[in-house]
Amino acid sequence: MASQDNSVNIEDAAPAKAAKSGGYHHGDLRAAVIAAGLERLAQGDGVELGLRALARDVGVSATALYRHFPDKEALLDALADEGLRRLGARQAQAWLKAGGGRAGFKATGIAYVRFAHEEPALFRLSFTRQMPDRKEGEDGGEVAYNLLRAGVGEALPGTVDPDVAALHAWALVHGLAMLILDRRVDWDEAMVERVVGLTFGGVA
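Residues numbered from 1 in each chain as written. Predicted model: local features only at pLDDT ≥ 70, side-chain atom pairs only at ≥ 80, totals over all residues. Heavy atoms only, no water.

Peer 1: Can you help me understand the pattern of salt bridges in this one?
Peer 2: Once the charged atoms of two side chains with opposite charge are near each other, the side chains can pair. Using the criterion set out here, one finds 9 salt bridges in the structure. The salt bridge involving aspartate 57 is made with arginine 40; its shortest N-O contact spans 2.5 Å. Placement of aspartate 57 in helix H2 (residues 51–58) and of arginine 40 in helix H1 (residues 29–42) is noted, with a sequence separation of 17 residues between them. Of the two residues, aspartate 57 and arginine 40, neither departs from the other in class, the shared state being buried. Linking arginine 129 and aspartate 77 is a salt bridge whose minimum nitrogen-to-oxygen distance equals 3.1 Å. Taken together, the residues arginine 129 in the loop between helix H5 (120–128) and helix H6 (142–155) and aspartate 77 in helix H3 (residues 72–97) connect sequence positions 52 residues apart. According to the relative accessible area criterion, aspartate 77 is buried, its value standing at 15%. It is possible to trace a salt-bridge network through shared partners that takes in Glu73, Asp77 and Arg129. (Salt bridge = Lys/Arg side-chain N within 4 Å of Asp/Glu carboxyl O. Helix = DSSP H or I, 4+ residues; strand = E, 2+ residues; numbered from the N terminus. Buried < 20%, exposed > 50% of the residue type's maximum accessible area, 1.4 Å probe, protein only.)

Shown next as structure tokens:
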């Protein structure tokens, strides 16, 4: 969250859905492959995410994918970036629904943990990739970070160092999400709400 601008893009249109028959519109192959990869991630651990497997899913040859993804690493980066984009969109929707401010700040934290619980494989992938450097506006996690920093500014207007406060908030929700994913803590949305609400000495 590089700025405190509360205007965020809540568009969460998923990539074009990959038809098993390869029935995608011309020019949408990249989106179709990402959609197919997301479907495979949703199946859980051990799923094949190679270019050949996804090429079969969308009904094209593997060589047809090289124009968009030169190798598997590029594909995984694209899936991770889409995961961050979706996370940011979920948080933006939660922020607006709660009306922004302190309530919105809390809602974005709850949305973060809920996203990890609902899409564990995508969440893990999104935060374990060493993402390449991007120009401003190209990072899928930019909306999420902008919301976090803006929330800190509204919840703690007198904060001397908002970046440190934002990191504190991120560490809280990410740590809680990982405890749940690693089955150290059972999923309980009411508990998540209470824990997130304790951020910064009791943001309710």
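Peer 1: Hey, could you run me through the packing of aromatic side chains in this one?
Peer 2: Geometry of an aromatic ring pair is reported as the spacing of the ring centres plus the angle between the planes. Overall, the coordinates contain 4 aromatic pairs when judged by the stated rule. Aromatic pair tyrosine 112 and phenylalanine 123: ring centres 5.6 Å apart, planes at 90°, arrangement edge-to-face. One end of the pair, tyrosine 112, is in helix H4 (residues 101–118); the other, phenylalanine 123, is in helix H5, with 11 residues separating them in the sequence. Of the two residues, tyrosine 112 and phenylalanine 123, neither departs from the other in class, the shared state being buried. On the basis of an interplanar angle of 50° and a centroid distance of 6.0 Å, the ring pair of tyrosine 112 and phenylalanine 127 is categorised as tilted. Placement of the pair is tyrosine 112 in helix H4 and phenylalanine 127 in helix H5, with a sequence separation of 15 residues. (Phe/Tyr/Trp six-rings, centres within 6.5 Å; stacked < 30°, edge-to-face > 60°.)

On their own, these measurements won't tell you what the molecule is for.
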